[in-house]
Amino acid sequence: MSTPPVQLTPPGIRAVHLRRFFGKVPAVVDISFDAPAGAITGLVGPNGSGKTTLLLMLAGLLRPDAGNAWVGGYHIASQASQARAATGWMPDVSGTWDALTCFEILTFFGRAYGMSPADTEARVKYLLGTMYLVEFADQPARVLSRGQKQRLGLARALIHDPQILLLDEPAAGLDPRSRVELRDLLRSLAAAGKTILLSSHVLAEMDDIVDSAVFISAGSSVDSSTTSAALALQTWRLGAADQAGLTQFLDAHGVAWQANATHPGEVTVALASPDDATALLRDLVGAGIDIHTIAPSGGRLEDAYLALNEERV
């Protein structure tokens, strides 16, 4: 692959026309995007769209057939060892050595990354506490639940304090409290300047975590101008005692609406922000229209994802 002198400042992730086939089967056709440092970027797309293959290439576990990418400022091919050292990788299913304890597993990875014994021990103890695994430190990994193994997998990705985090379905198997704790941890890592790229099928969860999103369809990234337009709006449910009066008001004020198929007697409108929803509610009440329902009909990512797929039909 060619390696033009491109580097992000501060270094995050940059992918330029990445491509990967398995035989004649396309997995990644043409993916380009930037994920800045100090932010959480989500990968959004259906099963089979190429998200995991993309993450494997960025993690240095698959070589692209074409294109270029940099993680932490390092080219994933020509500077592979530096790129891997800067990256923490958490696959969707973290294999564990079931006979080893949590402490032993994390210690092994710390030493594999070249950390000193003392630094490794201190880091392992810190991460076991952060991931609420202290009570399992000396227990074999086979006793862990699915959610606990996910937390151990995240600790493994964080062991060497990497600048870049690649997370494939990090919340899978976590209970509600653990999901909130994961969100808070990732937000704190981003605030500290880390670059985080994560994939999840649960768009409602991603809405609470990510700062931006890369949409993937059939192995290709969707043009950022298209996704920005889709993300700019969110649909809201509106219901009123006088439904005819509500729709007449919306028509008179140029607010596009649609009948809500899942909630008969309500309409949906697309608004740019909660402030716009507040202003619309104030105007409706001021006009004497009794509103009994106003609520988001879905998350912003979900709305954008559905809108983009509708454009492809």
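Data block above holds the structure.
This one's a predicted model, so the numbers in the text were calculated from it and none came from an experiment.

Draft legend 1. Representation of the overall build of the chain within the structure. Of the regular secondary structure elements, the chain holds 11 helices and 14 strands. Considering the chain as a whole, with its 313 residues, one finds that 46% of them fall into the buried category. The contacts in the chain between residues at least 6 apart in sequence include a share of 72% that link residues at least 24 apart. Total accessible area on the chain stands at roughly 14800 Å², and carbon and sulfur atoms take up 54% of it.

Draft legend 2. Looking closely at the pairing of strand E1 (residues 13-22). One ladder, built from five bridges, connects E1 with strand E4 (residues 66-71); its direction is antiparallel. Along E4, the bridge assignment pairs Ile13 with Val71. Judged from the seven bridges that link them, E1 and strand E2 (residues 25-35) form a sheet pairing that is antiparallel. When the sheet's bridge partners are listed, Arg14 is paired in E2 with Asp34. Between the antiparallel neighbours E1 and E2 lie two residues, among them Gly23 with a positive phi of about 70 degrees.

Draft legend 3. Molecular detail of the packing of helix H3 (residues 102-112) against helix H4 (residues 117-130). For the pair H3 and H4, interaxial distance at closest approach is 9 Å and the crossing angle is 135 degrees. On the basis of their axis angle, the class for H3 and H4 is oblique. At the point where H3 passes H4, the crossing takes the right-handed sense. Where H3 abuts H4, its residues Cys102, Phe103, Leu106, Thr107, Gly110 and Arg111 lie against Pro117, Thr120, Glu121, Val124, Lys125 and Leu128.

Draft legend 4. Here's a closer look at a nonpolar patch on the surface. Side chains of Trp97, Leu100 and Phe108 sit close together on the surface and give an oily, nonpolar patch of about 290 Å² of accessible area. Note on placement: Trp97 falls in the loop between strand E6 (87-90) and H3.

Draft legend 5. Expanded view of the pattern of salt bridges. All told, the structure shown has eight salt bridges when counted by the stated rule. We note a salt bridge from Asp34 to Arg14, for which the minimum N-O separation is 2.8 Å. Taken together, the positions of Asp34 in strand E2 and Arg14 in strand E1 put the pair 20 residues apart, joining distant regions of the chain. Judged by relative accessible area, Asp34 falls into the partly exposed class, the value being 38%. The partner of Asp184 in a salt bridge is Arg183, and the shortest N-O contact between them spans 3.4 Å. Residue classification places Asp184 among the partly exposed residues on the basis of a relative accessible area of 42%. Because the salt bridges share partners, they merge into one network encompassing Arg123, Asp161 and Lys194.

Cut-offs and rules
- Each chain carries its own residue numbering, running from 1 in the written order of its sequence.
- Whole-chain, interface and lining totals are the exception, using all residues; otherwise, since this is a predicted model, local features are given only for residues with pLDDT of at least 70 and side-chain atom pairs are given and counted only at 80 or more.
- Hydrogens are left out, water is left out, and the side-chain values use all remaining heavy atoms of the structure.
- The helix and strand labels rest on DSSP assignments: H or I over at least four residues marks a helix, E over at least two residues marks a strand, and numbering proceeds from the N terminus.
- Exposed residues in this analysis have more than 50% of their type's maximum accessible area, buried residues have under 20%, and partly exposed residues fall in between, with area computed by a 1.4 Å probe over protein chains only.
- When checking whether two residues touch, look at their non-hydrogen atoms; a contact exists if any pair is within 4.5 Å.
- Areas reported here follow the Shrake-Rupley algorithm with a probe of radius 1.4 Å; residue values treat only the protein chains shown as occluding.
- Strands were regarded as paired on the criterion that DSSP finds at least two bridges between them.
- The axes are straight lines fitted to the C-alpha atoms, using for helices just the contacting stretch, and the angles between their N-to-C directions are given from 0 to 180°.
- Any angle that is under 35 degrees is reported as roughly parallel, and any over 145 degrees as roughly antiparallel; angles of 65 to 115 degrees are reported as roughly perpendicular and all others as oblique.
- Whether a crossing is left-handed or right-handed is set by the direction in which the near helix is turned from the far one by less than a right angle, anticlockwise for left-handed and clockwise for right-handed.
- Patch rule: a residue counts if its relative accessible area is over 30% and it has no salt bridge; like charges are joined within 9 Å, and nonpolar side chains (Val, Leu, Ile, Met, Phe, Trp, Tyr) within 5 Å.
- Salt bridges, as used here, are contacts in which a Lys or Arg side-chain nitrogen is within 4 Å of a carboxyl oxygen on Asp or Glu.

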